[in-house]
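Summary of the model geometry
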Amino acid sequence: MKTAIIGGGAAGFFLAINLKEMCPQMTVTIFERSQRVLAKVEISGGGRCNCTNSFAEVRDLSAVYPRGHRLMKRLMKGFSQREAYEWFEHHGVRLVTQDDQCVFPASQDSHTIINCFMAEARRHGIEISTGTRITTLSELDGYDFIAVTTGGSPKPEGLQWLANLGHEITPPMPSLFTFRINDERLQSLMGTVVEDATALIPGTKLKARGPLLITHWGMSGPAILKLSSYGAQLLAEHDYRQSLAINWLSSRDEGIKQQLLRLTIEGGRKQVASLHPEGIPTRLWTYLLNKALGQRAQSPWMSLNQKEINRLTNILANDTYDIAGRAAFKDEFVTCGGVSLEAVSPATLESRHVPHLYFAGEVLNIDGITGGFNFQAAWTTAYTVAKAISQAADS
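Residues numbered from 1 in each chain as written. Predicted model: local features only at pLDDT ≥ 70, side-chain atom pairs only at ≥ 80, totals over all residues. Heavy atoms only, no water.

Let us now look at the overall build of the chain. Regarding its fold elements, the chain presents 13 helices and 17 strands. Overall, the C-alpha framework of the chain stretches about 80 × 40 × 35 Å when taken along its three principal axes. Residue burial in the chain is summarised as follows: out of 395 residues, 52% are buried. For the chain, the share of sequence-separated contacts (at least 6 apart) that also reach a separation of at least 24 residues comes to 76%. Of the roughly 17700 Å² that the chain leaves accessible, carbon and sulfur atoms contribute 49%. (Helix = DSSP H or I, 4+ residues; strand = E, 2+ residues; numbered from the N terminus. Buried < 20%, exposed > 50% of the residue type's maximum accessible area, 1.4 Å probe, protein only. Contact = heavy atoms within 4.5 Å. Areas by Shrake-Rupley, 256 points an atom, 1.4 Å probe, with all protein chains shown as cover.)

Note on placement: Pro 281 falls in the loop between helix H10 (253–267) and helix H11 (282–293). Judged by relative accessible area, which is 23%, Pro 281 ranks as partly exposed. Spatially, the C-alpha atoms of Pro 281 and Val 194 are 7.1 Å apart, while their sequence positions differ by 87 residues. In this structure, Pro 281 is in contact with Thr 192, Val 193 and Val 194, ignoring residues within four places of it in sequence.

This part is about the environment of Phe 375. Of note, Phe 375 is situated in helix H13 (residues 371–394). Taking C-alpha positions, Phe 375 is 5.9 Å from Thr 52, a pair spaced 323 residues apart along the chain. Not counting chain neighbours up to four residues away, the residues in contact with Phe 375 comprise Ala 10, Val 41, Ser 44, Cys 49, Asn 50 and Cys 51.

The next subject is unusual backbone geometry. The backbone of Leu 38 sits at a positive phi, close to 60 degrees, despite the residue not being glycine. With relative accessibility at 2%, the residue Leu 38 sits in the buried group. The phi torsion at Gln 108 lies on the positive side, around 60 degrees, for a residue other than glycine. Tracing the chain through its elements places Gln 108 in the loop between strand E5 (102–105) and helix H5 (111–123). On the basis of relative accessible area, Gln 108 is assigned to the partly exposed category, the value being 30%.

In the structure shown here, the tally under the stated rule is 19 aromatic pairs. Their ring planes at 80 degrees and their centres at 6.0 Å tell us that Phe 31 and Tyr 143 sit as a pair that is edge-to-face. Here Phe 31, found in strand E2 (residues 27–32), pairs with Tyr 143, found in the loop between strand E6 (127–130) and strand E7 (145–148); they are 112 residues apart in sequence, far enough to count as distant. Over the ring of Tyr 143 we find Lys 2; its NZ or CZ atom is 4.5 Å from the centre of that ring. Just above the ring of Tyr 240 sits the side chain of Arg 326; from NZ or CZ to the centre is 5.4 Å. (Phe/Tyr/Trp six-rings, centres within 6.5 Å; stacked < 30°, edge-to-face > 60°. Lys NZ or Arg CZ within 6 Å of the ring centre and 35° of its normal.)

Below, the discussion takes up the environment of Met 26. With respect to the secondary-structure elements, Met 26 resides in the loop between helix H1 (10–22) and E2. Distance from Met 26 to Val 58, taken between C-alpha atoms, is 37 Å for residues 32 residues apart in sequence. Other than its neighbours up to four places away in sequence, Met 26 contacts Met 1, Lys 2, Thr 3, Leu 19, Lys 20, Phe 145, Ile 389 and Ala 393.

What follows covers the side chain of Ser 351. Locating Ser 351 in the fold gives a position in the loop between strand E16 (335–339) and strand E17 (357–359). Its relative accessible area of 8% is what places Ser 351 among the buried residues. Within the structure, Ser 351 has its side chain in polar contact with the backbone nitrogen of His 353 (distance 2.9 Å). A polar side-chain atom of Ser 351 sits 2.9 Å from the main-chain amide nitrogen of Val 354. (Polar contact = N/O pair within 3.5 Å; in protein donor to acceptor, adjacent residues only side chain to side chain.)

So, on to the sheet that holds strand E1 (residues 2–6). In space, the 5 strands of this open sheet follow the order E6-E2-E1-E7-E17, with parallel pairing throughout. Every interior strand has two partners, whereas the edge strands, E6 and E17, have only one. For this sheet the average axis-to-axis angle between neighbouring strands, irrespective of direction, equals 20 degrees. Bridge count between E1 and E2: 5 bridges; the pairing is parallel. Bridge pairing in E2 places Lys 2 opposite Thr 27. On top of the sheet, H1 reaches E1, E2, E6 and E7; it is set at about 175 degrees to E2, its chief contact. (Pairing = 2+ DSSP bridges. Axes fitted to C-alpha atoms, helices over the stretch in contact; angles between N-to-C directions.)

Quick look at the sheet that holds E5 now. In any sheet, the strands associate via hydrogen bonds between backbone groups, in a parallel or an antiparallel arrangement. With respect to topology, 3 strands assemble into an open sheet ordered E3-E5-E4, the strand pairing being antiparallel. Two strands close off the open sheet at either side, each with one partner strand: strand E3 (52–53) and strand E4 (95–97). Inspection of the sheet shows E4 paired to E5 by 3 bridges, in the antiparallel sense. Pairing of Val 96 across the sheet is with Phe 104, part of E5.

Taking 1.5 Å of rise per residue, the 13 residues of H5 would be expected to cover 18 Å, and the 18 Å separating its terminal C-alpha atoms lies within 8% of that figure. Buried within H5 are the following residues: Ile 113, Ile 114, Cys 116, Phe 117, Glu 120 and Ala 121. Looking straight down H5, one finds that the buried residues subtend no more than 160 degrees of arc, so they occupy a single side. Residues of H5 that are exposed and point over 90 degrees away from its buried face: Arg 122 and Arg 123. Its buried side turned inward, H5 meets H1, helix H2 (39–47), helix H4 (81–90), E5, E6 and H13. Remark: Gly 125 follows H5 within two positions and exhibits a positive phi of approximately 70 degrees. (Expected span 1.5 Å × (residues − 1). Arc of directions from axis to C-beta.)

The structure is reproduced here in structure tokens:
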């Protein structure tokens, strides 16, 4: 029996290898439209490949999978992050878990993952056809099973051939990106990192907490990337023009105010600019002071009045900006949208419209807030499909 896998990315290779391990007699061919396979794996995680997450700090999958969390909860009962970790170690890839619960190869090199996949593909006799663009199932006559693992499509047209087969398509759109903010004073702080900030979109429940990085174009860092994922659809609907609020201390207003009142006592005659709340870098503090107090930023702490303390409290707890567009996150591109989860069987990920056609990875409307969660979705869905095809072949 023969299986065709359309897409030579992470999900495609993981599916192919697992299928051969489950069903050695199966002939498996990977069709990749570009001349290179696993290109996205190579650049992921800054070239280190954040291949999964420990999930130790995850209480609800909806917090890390803005779309597809219910299906992931079901599928991870069959292949979770623990199984993924064991799979890689069993196949010779030693892993390490960072303090932030992100899991990387111990080598800190994405090529360790790539080399593992390529070695396993050779060992199992998996055929790889590059430079092959498949746009209709008629091109794959003679194959008993077909799996689509093409990844996210930046444009709806890339999924039209699947829509023509009857599959409902959720319009694709970016889901991990940084924010452009046209504020030269802010941009002059490029490189400044706040380790624990909260970013939110006013008037909504959308918010994200974590490190925040100021860049030469605006803002980045985990807090911003997570917020972009949570708010992907809303931001797209507003053409990436939206208000943004930052709580620089991730604390309630009253708690911030109490910190400032303590500083008025401790600081005494020291200039306000010379003493700042813990967690606020000096350059950022100077910038925020000028926004809130102007010339009074050079005044002694003890001279601040109640209105000035309130202004400082407000700018630390609710500093507002206008998002002027999105910026790409390095060379990585993650989309939400794709083949609707209503179009597939939740147990096998087989198409409800075309028998023996399956989907895995980012082509489905599943996406995570960081690369590790997205890769785990690829491993989980690919394993699910491999098992389903193996069982179908044996029946």
